[in-house]
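# Analysis of the macromolecular model
One letter stands for each residue in the lines below.
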Amino acid sequence: MSDIVGTSPTPIGDALISSPAEGTGSAVGSLQSDGGILAGDAAVAAPYDPESGFHRAEFGTQALVGTVQYHERHVFLCYKNPQVWPSHLESSESDRLPRLLSAALKSRKGAMKKSTRLTICEGEDGTDASNGDVLIFPDMIRYRRLTHFDVETFVEEALVKDTEWLPGSPTSITDAYVFVCAHGSRDKRCGTCGPALIKKFKEEIGVRGLQDQITVSGCSHIGGHKYAGNVIIFSLVNGEVAGHWYGYVAPDDVAVLLDQHIGKGEVVDHLWRGQLGLSEEDQKNALELKRQLANLTEQNSSGCCQGSNGNVTCCQGSNGNATCCQNGPQKETNSDINRAITEDGKDKTTPDEKNSSSARRSRSRKVCHLPTWFETWEKEDTYAVLAVAAAGAAICVAYSMYKHHHSK
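The residue numbering used here restarts from 1 in each chain and proceeds along that chain's sequence as written. Only residues with pLDDT of 70 or above have their local features reported here, since the model is predicted, and side-chain atom pairs are shown and tallied only from 80 upward, although totals for entire chains, interfaces and linings are computed over all residues. For the side-chain quantities, the full set of heavy atoms in the structure was used; hydrogens and water were omitted.

Under the annotation held in an unreviewed UniProt entry, the protein chain carries the name Altered inheritance of mitochondria protein 32 and is attributed to Rhynchospora pubera.

Structure below.
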């Protein structure tokens, strides 16, 4: 279950905030279901199913960017484990704490300054994510042992007023957090891919000795079952913490996400769905802008660029002062190049072929995209400029003759 307050992407039902009569019991009562199963109880994960896993026919077939609904704050409630979560935790009568927290968020959505998403993550007593703990991102704040008695006060203090809820002993989160959707009762694809990814993340983190710096947790439905494996990472990127969402993540991608995203603070573009704080359209625009800047950087580093129609080329002098324009390049195919190289790597090209190939390369080198203003230049504009230039020249000649006449 993952729910954005104000947009209601998942059903909530008619659950109400607990009444004083209902608010009797203990913290354990908040966490127990009718079956009394807590996170520490034995649970058997479903076997891996190839048809709903990483080799399913639909895997990697759809565009990812722009598939994250807008939200400014992400709240995670630590509660049991994926093996015992029902399909819709937020409306489950037997899971009182998530149901009441979701209902309280809904009832106070109009008073909140930030659009808030609620997701359930794994809880295990005696860890940094004990049952009832609440993690708030990007604030990087952890509250301890929320119970159904405290839900209304917690929401009012921490999420409506944006102040500290002191009974929860707030502490700062310093680790990078990786959440992997493993909500198998909601969708089989998440239930198949999620556990495999969690295992791989923990293995790779162990190999790198980063157990004290990165926390991995299974989480409930976050939207986009078809993009499973779904991963959210909270870590520093460009000096800021923002939840970055990834889709179609396979075990082979785990090392890249750890080394590039968490290690270097660089987004992995081809898996990126979007991020906290950006609308769907802004997510698309952000990735497109990034790609344009990357292309521009590559063009500048090579000193040339390709015209859109391939017919105009420009060459930039090494000192930046000389330019030349010529007809478009004659394409040199891979077969032209490869046929001159034998299997032992020696060049068997004849002198004439070398000269021909060199000439082709010199013509295809330094290909420039003409600026937009030049591409849209009309013939009438050219005539107008020439007319102005001619008029200016005539004035100069007349003024020169005038000065010459009066100097005598």
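Once you've had a look at it, read on.
### Thoughts on the overall build of the protein chain
Comment: elements are numbered from the N terminus, with helices defined as DSSP H or I runs of at least four residues and strands as E runs of at least two. Summing up its helical and strand segments, the protein chain has 10 helices and 13 strands in all. Out of the 408 residues belonging to the protein chain, those deemed buried represent 41%. Sequence-distant contacts, at least 24 apart, represent 71% of the contacts inside the protein chain between residues at least 6 apart. Accessible area of the protein chain: about 21700 Å², with a carbon and sulfur share of 52%. Throughout, exposure labels follow a simple rule: accessible area from a 1.4 Å probe, protein chains only, divided by the maximum for the residue type, with under 20% read as buried, over 50% as exposed, and the rest as partly exposed. Contact criterion: two residues are considered in contact whenever any of their non-hydrogen atoms come within 4.5 Å of each other. Accessible areas in this description were obtained via Shrake-Rupley with a 1.4 Å probe; residue shielding takes into account the shown protein chains only.

### Focus: the packing of aromatic side chains
To pair, rings of Phe, Tyr and Trp, with the six-membered ring standing in for Trp, must have centres within 6.5 Å; the planes then decide the type, stacked if under 30 degrees apart, edge-to-face if over 60, and tilted in the middle. Summed over the entire model, instances satisfying the criterion amount to 14 aromatic pairs. Ring centres of tyrosine 177 and phenylalanine 179 lie 5.3 Å apart, and the angle between their planes is 20°; this geometry places the pair in the stacked category. Of the aromatic side chains, those joined through ring pairs into one cluster are Phe76, Phe137, Tyr177, Phe179 and Phe234.

### Examining the pattern of salt bridges
A carboxyl oxygen of Asp or Glu within 4 Å of a side-chain nitrogen of Lys or Arg is what we treat as a salt bridge. Inspection of the entire model under this criterion finds 17 salt bridges. A salt bridge links lysine 80 to aspartate 95; its shortest N-O distance comes to 3.1 Å. Separated by 15 residues along the polypeptide, lysine 80 in the loop between strand 2 (73-78) and helix 2 (96-107) and aspartate 95 in the loop between strand 2 and helix 2 bring together distant segments of the chain. On the basis of relative accessible area, lysine 80 is assigned to the buried category, the value being 1%. A salt bridge links arginine 145 to aspartate 125, with the shortest nitrogen-to-oxygen separation between them at 3.1 Å. Within this pair, whereas arginine 145 is found in the loop between strand 5 (141-143) and helix 3 (151-160), its partner aspartate 125 is found in the loop between strand 3 (116-121) and strand 4 (134-137), the two being separated by 20 residues in sequence. On the basis of relative accessibility, which here comes to 35%, the residue arginine 145 falls in the partly exposed class. Via salt bridges that share partners, Arg56, Glu58, Asp187 and Arg189 belong to a single interconnected network.

### A few points about the layout of surface pockets
Grid points spaced at 1 Å over the protein atoms alone were grouped into cavities, where a 1.4 Å probe fits but cannot get out, and pockets, open sets with protein on both sides within 12 Å along at least five of seven lines, with lining residues defined by an atom within 4 Å of a point. Grid points are joined across faces, edges and corners, and a volume is the space filled by probe spheres set on the points. By volume, the largest pocket is sized at about 420 Å³. Counting only elements with at least two residues in the lining of the largest pocket, the list comes to helix 4 (188-208) and strand 8 (214-219). Looking at the lining of the largest pocket residue by residue, the class counts come to five nonpolar, six polar and six charged. Gly is put with the polar residues, along with every residue not named as nonpolar or charged; the nonpolar set is Ala, Val, Leu, Ile, Met, Phe, Trp, Tyr, Cys and Pro, and the charged set is Asp, Glu, Lys and Arg.

### So, the pairing of strand 2
Burial runs high along strand 2: six of the six residues are buried. The two faces of strand 2 match: Arg73, Val75 and Leu77 on one face and His74, Phe76 and Cys78 on the other face are all buried. Any two strands with at least two DSSP-identified bridges between them are counted as paired. The pairing of strand 2 with strand 3 spans six bridges and is classified as parallel. Along strand 3, the bridge assignment pairs arginine 73 with threonine 116. Between the parallel pair strand 2 and strand 3, the chain is carried across by helix 2, and the sense of this crossover is right-handed. Sheet topology places strand 2 next to strand 4; four bridges connect them, and they run antiparallel. Along strand 4, the bridge assignment pairs valine 75 with isoleucine 136. For a crossover, the right-handed case is the one in which the path from the first strand over the helix to the second runs clockwise, viewed with the strands pointing away from the viewer.

### A short note on the packing of helix 2 against helix 3
Across the interface, helix 2 lies against helix 3 with an axial gap of 9 Å and an inter-helix angle of 45°. Regarding the angle of helix 2 to helix 3, the classification is oblique. The hand of the helix 2/helix 3 crossing is right-handed. Counted together, Leu97, Leu100, Leu101, Ala104 and Leu105 of helix 2 and Val151, Phe154, Val155 and Leu159 of helix 3 form the full contact between these two elements. Looking at the contact of helix 2 with helix 3, its residues break down into nine nonpolar, no polar and no charged. In this description, a line fitted to the C-alpha atoms serves as the axis of each element, helices being fitted only across the stretch in contact, and the angle between N-to-C directions of two axes falls anywhere from 0 to 180 degrees. Orientation categories follow fixed angle ranges, with anything under 35 degrees roughly parallel, anything over 145 roughly antiparallel, 65 to 115 roughly perpendicular, and all other angles oblique. Working rule for handedness: look at the near helix, and if it is turned counterclockwise from the far one by less than a right angle, call the crossing left-handed; if clockwise, right-handed.

### Describing the nonpolar core
Membership of the largest hydrophobic core comes to 47 residues, with the highest contact counts inside it found for Leu135, Phe137, Val178, Phe179, Phe201, Val231 and Tyr246. At the level of elements, strand 2, strand 4, strand 7 (176-181), helix 4, strand 8, strand 9 (231-237), strand 10 (240-246) and helix 5 (254-264) are the ones that each hand at least two residues to this core. In this view, tyrosine 246 contacts Gly229, Asn230, Val231, Ile233, Leu257, His261, Val267, Val268, Leu271, Trp272 and Arg273; residues no more than four positions away in its chain are not counted. By size, the runner-up hydrophobic cluster in this structure holds 24 residues, among which are Val75, Tyr79, Leu105 and Ile136. In these notes, a set of buried Ala, Val, Leu, Ile, Met, Phe, Trp, Tyr and Cys residues joined through side-chain atoms within 4.5 Å is what counts as a nonpolar core.

### Focus: a nonpolar patch on the surface
Taken together, Leu289, Leu293 and Leu296 make up a surface patch of nonpolar side chains, about 280 Å² in accessible area. Here leucine 296 is to be found in helix 6 (residues 280-302). Residues form patches when they are more than 30% accessible in relative terms and have no salt bridge. Like charges link within 9 Å. Nonpolar side chains (Val, Leu, Ile, Met, Phe, Trp, Tyr) link within 5 Å.

### Some words on the side chain of serine 217
Locating serine 217 in the fold gives a position in strand 8. Using a relative accessible area of 7% as the deciding quantity, one classes serine 217 as buried. Between N or O atoms, a polar contact is any pair within 3.5 Å; within protein, one atom must be a potential hydrogen donor and the other a potential acceptor, and residues adjacent in sequence are included only when both atoms are from side chains. At 3.3 Å, the side chain of serine 217 and the backbone nitrogen of glutamate 122 are in polar contact.

### Digging into the packing of helix 4 against helix 5
Following both chains from N to C, one finds helix 4 and helix 5 inclined at 50°, their axes separated by 9 Å at the closest point. Relative to helix 5, helix 4 is oriented oblique. Between helix 4 and helix 5 the crossing geometry is right-handed. From helix 4, Leu197, Lys200, Phe201, Glu204, Ile205 and Arg208 reach across to helix 5, where they touch Val254, Ala255, Leu257, Leu258 and Asp259. Among the residues forming the contact of helix 4 with helix 5, the class breakdown is seven nonpolar, no polar and four charged.

### Here's the deal with unusual backbone geometry
Omega for the bond connecting phenylalanine 137 with proline 138 falls within 30 degrees of zero, at 5°, which places this linkage in the cis form. Within the secondary structure, proline 138 is located in the loop between strand 4 and strand 5. Not every positive phi belongs to a glycine, and aspartate 162 is a case in point at roughly 60°. For aspartate 162, the position within the fold is in the loop between helix 3 and strand 6 (171-172). Here the phi dihedral of asparagine 238 falls at roughly 55°; this positive angle occurs in a residue that is not glycine. Mapped onto the secondary structure, asparagine 238 falls in the loop between strand 9 and strand 10. Residue classification places asparagine 238 among the exposed positions, given a relative accessible area of 74%.

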